[in-house]
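Residue-level listing of the chains:
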Amino acid sequence: MAPVLRPLSATTWAWVQDSTDWGFSNAGVMSSRGVSLLFDTQFTLDATRTMLREIAAATPDSVIETLVISHQNGDHTWGNQLLPDAEIITSAASAEHLCHEISPEQLTQLSHSHGTDSISRYAAEHFGRFDFSGITVTQPTRTFAGRLKLTVGGVSAEAIDLGPGHSAGDVALWIPDDGIVFSGDVLFDGGHMIVWSGSLTACVESLDTLLATGAETFVPGHGALMERADVVAFRSYLTEVGATATAYAKEGIPLPDAAARIQAEFSGNRAHPERLFTATAGAYADAGRAEPLPTLELVKGMADLAYPAP
Ligand SMILES: [Zn+2]
């Protein structure tokens, strides 16, 4: 489905891809009195240009002075270079993690390696369609910890440092006057959670922080817009996965076997059930039964679940 710039109030828009596939992320815009704030860019330069064109049409004569980044995954940041004059803000924890992220060149190589191992197959299937050429990974210019109050023309917002959860450092944007939260990837609509940080408990805590704002509308990192009840349901799903995985950890079941069982039990209607490997690994790390796994091992765990041996 083609992305749309959806007005949520007189001064706030959501860029909604409404996709459960990897890489098609949502974003947000606030615009008032000639200045704008953008929350996240897109995976490719072309996708970001398309979004910026739509934003320019909806907010004529307004300049994007501020870019708030939810976390360092490429699908939220690899268009940053197209806003060379904007201040790029993220949390200190998020900024610190940038050096551990896979680069556009590495992802291109992995997706086009034609390897028969599970990681290469998974990368080709989900990332081979994207053109990452021309991307210069662009650093944040300002970091913060805790809460950061922002003013966009006549509107207020707050960037919230959620700490680790989906990634090593996640940031949400809370707009009190609109009752809207842009969550980044601590929330997925229609797809399974990805836990890169190595802690499933931290993901649940992030959701508690978002719910505590009192917001009624949540723009997840991926998928369609969500209401409070949807966020509560997503929280329940994470806690149930966590409780089951913790029980398996205590029984001494090896992580790959536990992840396969969790996938069988919790696939439901969400896309990408293989991502349950990352949630299981997060619960195992929380339970002290495993070290948090690096990104490529998490991808291998997902790929092995997606392509089980015959
Ligand atoms: Zn994402």
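Look a little higher up for the structure.
Cut-offs and rules
Residues numbered from 1 in each chain as written. Predicted model: local features only at pLDDT ≥ 70, side-chain atom pairs only at ≥ 80, totals over all residues. Heavy atoms only, no water. Donors = N, O, S within 2.8 Å, 3.2 Å for Na, K, Ca; no water. Tetrahedral: all angles 85-135°; square planar, octahedral: opposite > 155°, others 65-115°. Buried < 20%, exposed > 50% of the residue type's maximum accessible area, 1.4 Å probe, protein only. Pairing = 2+ DSSP bridges. Helix = DSSP H or I, 4+ residues; strand = E, 2+ residues; numbered from the N terminus. Contact = heavy atoms within 4.5 Å. Axes fitted to C-alpha atoms, helices over the stretch in contact; angles between N-to-C directions. Phe/Tyr/Trp six-rings, centres within 6.5 Å; stacked < 30°, edge-to-face > 60°. Lys NZ or Arg CZ within 6 Å of the ring centre and 35° of its normal. 1 Å grid on protein atoms, 1.4 Å probe; cavity = no way out; pocket = protein on both sides within 12 Å on 5 of 7 lines; lining within 4 Å. Points joined across faces, edges and corners; volume = space filled by probe spheres on them. Nonpolar A, V, L, I, M, F, W, Y, C, P; charged D, E, K, R; others polar. Core = buried A, V, L, I, M, F, W, Y, C linked by side-chain atoms within 4.5 Å.

## Quick look at the coordination of the zinc ion
Thought 1: In this structure, Asp75 (OD), His76 (NE2), Asp185 (OD) and His222 (NE2) serve as the protein donors to the zinc ion, at separations of 2.0 to 2.2 Å.
Thought 2: Every donor counted, the four donor atoms about the zinc ion form angles of 87 to 162 degrees at the centre, which fits irregular coordination.
Thought 3: Donor residues for the zinc ion sit on one chain with the sequence pattern D-H-x108-D-x36-H. For the pair shown, Asp75 and His76 are each scored as buried.

## A closer look at the sheet that holds strand 10 (residues 170-175)
Thought 1: The strand order across the open sheet built from six strands is 8-9-10-11-12-13, with neighbouring strands paired in mixed fashion. Two strands in the sheet have a free side with no partner beyond their single neighbour: strand 8 (147-152) and strand 13 (226-227).
Thought 2: With five bridges joining them, strand 9 (residues 155-163) and strand 10 adopt antiparallel strand pairing. Residue Ala159 lies in a different strand from strand 10, and its bridge partner there is Leu173.
Thought 3: Relative to strand 11 (residues 180-188), helix 6 (residues 200-212) is tilted by about 165 degrees, and along the sheet it contacts strand 8, strand 9, strand 10, strand 11 and strand 12 (217-222).

## Side note on unusual backbone geometry
Thought 1: With phi around 50 degrees, Arg33 is a residue other than glycine that occupies positive phi space.
Thought 2: A positive phi is found at His114, a non-glycine position, where the angle reads about 60 degrees.
Thought 3: Relative to the helices and strands, His114 is located in the loop between helix 4 (104-111) and helix 5 (118-127).
Thought 4: Residue class for His114 comes out exposed when judged on its relative accessible area of 76%.

## Description of the packing of aromatic side chains
Thought 1: Summed over the entire model, instances satisfying the criterion amount to 13 aromatic pairs.
Thought 2: Ring geometry for Phe24 against Phe130: centres 5.2 Å apart, planes inclined by 45 degrees, an arrangement best described as tilted. Placement of the pair is Phe24 in the loop between strand 2 (12-16) and strand 3 (27-32) and Phe130 in the loop between helix 5 and strand 7 (142-144), with a sequence separation of 106 residues.
Thought 3: What makes Phe130 buried here is its relative accessible area of 11%.
Thought 4: When the centroid spacing of 5.2 Å and the interplanar angle of 55 degrees are considered together, the rings of Phe234 and Tyr237 count as tilted. Placement of both Phe234 and Tyr237 in helix 7 (residues 228-251) is noted, with a separation of three residues, approximately one turn of the helix. Here Phe234 matches Tyr237 in class, with each residue buried.
Thought 5: Through successive ring pairs, a cluster of aromatic residues spans Trp22, Phe24, Phe43, Trp78, Tyr122, Phe127, Phe130, Phe132, Trp196 and Tyr307.
Thought 6: Cation over ring: Arg121 sits above Tyr307, and NZ or CZ is 3.9 Å from the ring centre.
Thought 7: Here the basic side chain of Arg270 rests over the ring of Tyr237, its NZ or CZ set 4.1 Å away from the ring centre.

## Comments concerning empty space enclosed by the protein
Thought 1: Inspection of every chain in the model, using the stated rule, returns one cavity of 30 Å³ or more.
Thought 2: Lining the largest cavity, in full, are Ser19, Thr20, Asp21, Phe188, Asp189, Gly191, His222 and Arg275.
Thought 3: Taken together, the residues of the lining of the largest cavity break down into one nonpolar, four polar and three charged.

## Brief notes about the nonpolar core
Thought 1: Membership of the largest hydrophobic core comes to 58 residues, with the highest contact counts inside it found for Met193, Leu200, Phe218, Phe234, Leu238, Val241 and Phe277.
Thought 2: A total of eight residues in this core trace back to one element, the largest contributor, which is helix 7.
Thought 3: Non-local contacts of Leu238, meaning those with residues more than four positions away in its chain, are made with Met193, Leu200, Cys203, Val204 and Leu207.
Thought 4: Residues Val16, Ile89, Phe182 and Leu225 belong to the second largest nonpolar core, which totals 22 residues.

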